[in-house]
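# Commentary on secondary and tertiary structure
Given next are the chains, with one letter for each unit.
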Amino acid sequence: MAESRLPHIVLFSGGSACRSTNLALLSKPVRLTRIVPAWDSGGSSKVIRENLGVLAVGDIRQALMTMAHGEGRAGDVVKVCNARLTSGSEADAQAEFALYAEARHPLLERMEPGLRGAILNYLRIFRAAIGPGFDFRNGSIGNFILTGAHLAHDGDINTAIFVFRKLCDIAGHVWPSTEAAGVTLSAVLNDDTHVTGQHRVTTLEEEPGRIGIRQIELAAGDGGVPANDAALESLESADAIVFGPGSFFTSVLPHLLVDGIVPAIARNVHARRVFIGNILQCRETRGVDLARMLDIAAGLWQERGGAGARPFTHVLANRQLLPFEKTVGAFAYLGNGALEEACARIGAEAVIGEFEDPWQRGHHDGRAVADVLSSLLPS
C-alpha cells in the first residue's frame, strides 16, 4: 500500500511515557506523527533556551530518536545523535564535546563526508552561539545538533527537524505544537499558589501535589501561543488523534491551550479522538482519577473553541483488578473513578483492557495499546 494511503495516526505526547506505544505503532501499517511540547524548562534545555532564545528541543529530539529506533535506524548518525556526554567533570565534558565538534570522534571519522560535514557545521554553530562557560555535562549531542540546525536555518524549527530527519533517515514526523520560543507553562494550585515552569510543575513536592492543580496556563511573551502550521496540517489529515500516555498537566493537556489546536481537531470530523489513561498517578496527579481528568480536559476543550464537537470518541482505561489502592514505588495506580458517567457526559466510549506491561510494572504495554488503536481506525 502506498504510504500516502496508509492510515495516519497523530499522537499528542511528551517524552518517555508514550515510547512503547510509539514503537509498537511503527510495526503497524500506519503513518505516524508525534506532536510534542515546546515548553521544557529544566536541565540543559533551560540554559540553552535562556542563553539563545530558541525553542526547547529536548522532547523533539527524544521523539525523533524513538522514531529512529522503531524504524530500525542504527547507523553512525543515529548513534551520534543519541549520544550523551559524560556526567563527570566539566573539563571532561568539554573535551568530549570537542571530539565531536572537531571530527575526532571515531563515529565521525568513519562517516560519509557529506553527513559528517553537516553535523560538524551544526555543532560548531551551536558552540559559537552558546559561548564559553556552558556546562556540557550529561548534554545530548542530538540536542546540540538540532539547536545548531535551528540557529542555522534562521530559527525555523520545522526546517531544522526536516534536516535532522534526513540526516538520520527517519520517515516518521515529529513537530512541536508551537514554533514560538520562550513558551512558559505555569499551574495554579487549588490553594491559589502559582507554580511557574514545566520542570517545577512536573516535580511537585508531596504536599503541593496533594493540594492539587486547578488550572494550567501557557504564555509566550505578551501574547498567546500560536499553533505550528505543520502540526495543524497533520491534524487535518489524521485518521486518529491520540492524547497520551504522558504527564497529564505538563505533556498532554497543555496542547489544548495552543491557539488553533482545538478548532483544527474539531474540524476533522472523520478522525477518531482517543484519550489514553495513564497506568500510575504521578506528582502532578496525586488523588486524581481518570474520570476527573476527562472532565478537566472536556472543560478546557469547550473553552478553547471545541463547542459542538466531542473532545474524545474513545477512552482507553486500564482494568481495575483490585478493590483497594496499590502502589508501584511512590505512586498509586491511577483509578478510573466514575468512568462510565464521565464518558457519557462527553459522548465517548470507554475501552477497558489490561494495558499494563507485564514486564514493566506501571508502564503501558505498547503492543496492547497499538492493537486497540489500530482496531479503532475508520474503515
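The text that follows walks through the structure, step by step, so that each part is easy to find. Position labels on residues start from 1 in each chain and follow its written sequence. Whole-chain, interface and lining totals are the exception, using all residues; otherwise, since this is a predicted model, local features are given only for residues with pLDDT of at least 70 and side-chain atom pairs are given and counted only at 80 or more. Side-chain measures here rest on the full set of heavy atoms in the structure, leaving out hydrogens and waters.

## Details of the pattern of salt bridges
Definition used for salt bridges: Asp or Glu carboxyl oxygen within 4 Å of a side-chain nitrogen of Lys or Arg. All chains considered together, the criterion is met by 13 salt bridges. For Asp371, the salt bridge is made with Lys28, and the minimal N-O distance between the two is 2.5 Å. Residue Asp371 is located in helix 17 (residues 366-376), and its partner Lys28 is located in the loop between helix 1 (19-25) and strand 2 (31-36); the two are separated by 343 residues in the primary sequence. You can call Lys28 partly exposed: its relative accessible area is 23%. The salt bridge partner of Glu71 is Arg73, with a shortest N-O separation of 3.6 Å. Exposure remark for Glu71: the relative accessible area of 19% places this residue in the buried category. Exposed residues in this analysis have more than 50% of their type's maximum accessible area, buried residues have under 20%, and partly exposed residues fall in between, with area computed by a 1.4 Å probe over protein chains only. Exposure remark for Arg73: the relative accessible area of 29% places this residue in the partly exposed category. Linked through salt bridges whose partners overlap, the residues forming this network are Glu71, Arg73 and Asp169. Only DSSP runs of H or I with at least four residues qualify as helices, and only runs of E with at least two residues qualify as strands; both kinds are numbered from the N terminus onward.

## Regarding the environment of Lys46
Its location among the elements puts Lys46 in helix 2 (residues 43-52). The sequence separation of Lys46 and Arg286 amounts to 240 residues, and the corresponding C-alpha distance is 26 Å.

## Some words on the packing of aromatic side chains
Here a Phe, Tyr or Trp ring, Trp counted by its six-membered ring, pairs with any other such ring whose centre lies within 6.5 Å, and the pair is stacked when the planes are under 30 degrees apart, edge-to-face when over 60, and tilted otherwise. Within the structure shown, the criterion is met by 12 aromatic pairs. The interplanar angle of 75 degrees and the centroid separation of 6.2 Å between the aromatic rings of Phe248 and Phe275 together place this pair among those described as edge-to-face. A residue pair is termed long-range when its members are at least 10 positions apart, and Phe248 in helix 13 (residues 248-252) and Phe275 in strand 8 (residues 272-276) qualify at 27 residues. In textbook terms, an aromatic cluster arises when at least three aromatic residues are bridged by ring pairs, as seen for Phe12, Phe243, Phe248, Phe249, Phe275 and Phe312.

## Regarding the sheet that holds strand 4 (residues 183-189)
DSSP bridges decide pairing: two strands pair if at least two such bridges lie between them. An order of 5-4-6 is seen for the three strands of this open sheet, with the pairing classed as antiparallel. Edge strands, defined here as strands with exactly one partner in the open sheet, are strand 5 (194-196) and strand 6 (213-220). Recorded for the sheet is a direction-independent mean angle of 20 degrees between the axes of neighbouring strands. Between the N-to-C directions of two axes lies an angle of 0 to 180 degrees, each axis being a line fitted to C-alpha atoms and, for a helix, fitted only over the stretch in contact.

## Thoughts on the sheet that holds strand 1 (residues 8-12)
Across the sheet, seven strands lie side by side as 3-2-1-7-8-9-12; this open sheet has parallel pairing. Edge positions in the sheet fall to strand 3 (173-176) and strand 12 (349-353), since each of these pairs with one other strand and no more. Within the sheet, the average angular offset between the axes of one strand and its neighbour, ignoring direction, is 20 degrees. Across the sheet, helix 3 (residues 58-70) lies against strand 2 and strand 3, angled at about 160 degrees from strand 2, the strand it touches most. Note on contacts: a residue pair is in contact if any heavy atoms of the two residues lie within 4.5 Å.

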